[in-house]
Amino acid sequence: LIPWPKVDFTKFGEIERKDLSRINKISGANLHRNWVMIPHVTNHDDCDITELEVFRVAINKENEKAGVKLTMLAFMVKASVAALRKFPEFNSSLDGDQLVLKKYFHIGFAADTPGGLVVPVIKDADKKGVIQISQEMAELARKARDGKLSPADMSGACFTISSLGGIGGRYFTPIINAPEVAIMGVCKSQLEPKWDGKAFVPRLILPLSLSWDHRVIDGASAARFNAFFGQVLADFRRVLL
Ligand code: CAO
């Protein structure tokens, strides 16, 4: 590679210099390695979360006094577990000439903090309900913002979800969090007109962006993974199957 350009920006105008945070330095090095070493591909898809959002809002209303708040992200953690069970190569890591297939389901989620990006992990998400996952996520996100996450809080993930749903955007290309082999990026859901065979009806559509490691996964499996993930969110009874 040719050297990074060295430019005296003061020649062009006023500037200010700021040190990178500790988290920026650590996550930047990891992201750079993962971007360079993993052959990434990203599949984009949409899923219909109209019914799930109605259910989520109703449950939150029912439990308002108890202070329970179910988040869309917690449902996505459960949907990830169902998809990882169905497509075990997504719950693996490369180790030389071998693939390590994991029988546990720890799901990481990207959390934006004033110091930078961190990925706390919900352990054994297969054994937890959506309420418990929502509560643990809120607690981990709070610890992340306060800079109080321990190394144990951030280790052992099998698969990561990066949600920009509360912020905006349509699709993006998330970078895989090695040694995981895939990551689900989620953007903001929007009401869109969908044809039901007779008329256009308003449906709440969630954009999905799944990045995967082409050494382990192929495009057909990724398309199936996205389709299944979307089917689970469209009809959550499928997590029971
Ligand atoms: N579509 C539309 N709205 C959404 C949504 C979606 N997919 N996901 C969440 N929202 C809405 C929620 O309904 C909520 O709205 P109200 O305040 O009106 O109830 C609001 O966005 C906040 O959502 P939330 O409290 O459920 O938070 P969250 O679970 O979406 O996010 C966390 C939590 C920790 C993931 C988030 O704070 C965060 O850090 N996100 C950024 C992650 C990131 O930076 N990813 C990029 C990594 S690559 O650089």
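Residues numbered from 1 in each chain as written. Predicted model: local features only at pLDDT ≥ 70, side-chain atom pairs only at ≥ 80, totals over all residues.

- As recorded in an unreviewed UniProt entry, the chain goes by the name Acetyltransferase component of pyruvate dehydrogenase complex, listed as coming from Variovorax defluvii.

## Here's the deal with the packing of helix α3 (residues 72-86) against helix α5 (residues 219-234)
Thinking step 1. Taken N-terminus to C-terminus, the directions of α3 and α5 make an angle of 135 degrees; their axes are 9 Å apart at the nearest point. Relative to α5, the element α3 lies oblique. You can see that α3 and α5 cross each other, and the crossing is right-handed. Contact with α3, carried on its side by F75, A79, A82, A83 and K86, involves F225, F228, F229, V232 and L233 of α5 and no other residues of that element.
Thinking step 2. Of the residues assigned to the contact of α3 with α5, the class counts are 9 nonpolar, no polar and 1 charged. (Axes fitted to C-alpha atoms, helices over the stretch in contact; angles between N-to-C directions. Helix = DSSP H or I, 4+ residues; strand = E, 2+ residues; numbered from the N terminus. Parallel < 35°, antiparallel > 145°, perpendicular 65-115°, else oblique. Left-handed = near helix turned anticlockwise from the far one by under 90°. Contact = placed C-beta atoms within 7 Å. Nonpolar A, V, L, I, M, F, W, Y, C, P; charged D, E, K, R; others polar.)

## Looking at the environment of L1
Thinking step 1. If you trace the backbone, L1 turns up in the segment before α1 (22-37).
Thinking step 2. L1 gets classed as exposed once you count the C-beta atoms within 10 Å, which come to 3.
Thinking step 3. Along the chain, L1 and C47 lie 46 residues apart, while their C-alpha atoms are 41 Å from each other. (Buried ≥ 20, exposed ≤ 12 C-beta atoms within 10 Å, placed from the backbone.)

## Section: unusual backbone geometry
Negative phi is the rule for most residues except glycine; trans is the rule for most peptide bonds.
Thinking step 1. The amide bond that connects A178 to the next residue, P179, takes the cis arrangement and shows omega of 10 degrees.
Thinking step 2. Of note in this structure, D124 is not a glycine but carries a positive phi near 45 degrees.
Thinking step 3. Following the sequence through the fold, D124 ends up in the loop between β7 (121-122) and α4 (130-145).
Thinking step 4. Under the C-beta neighbour-count criterion, D124 is labelled exposed, with 12 such atoms within 10 Å.

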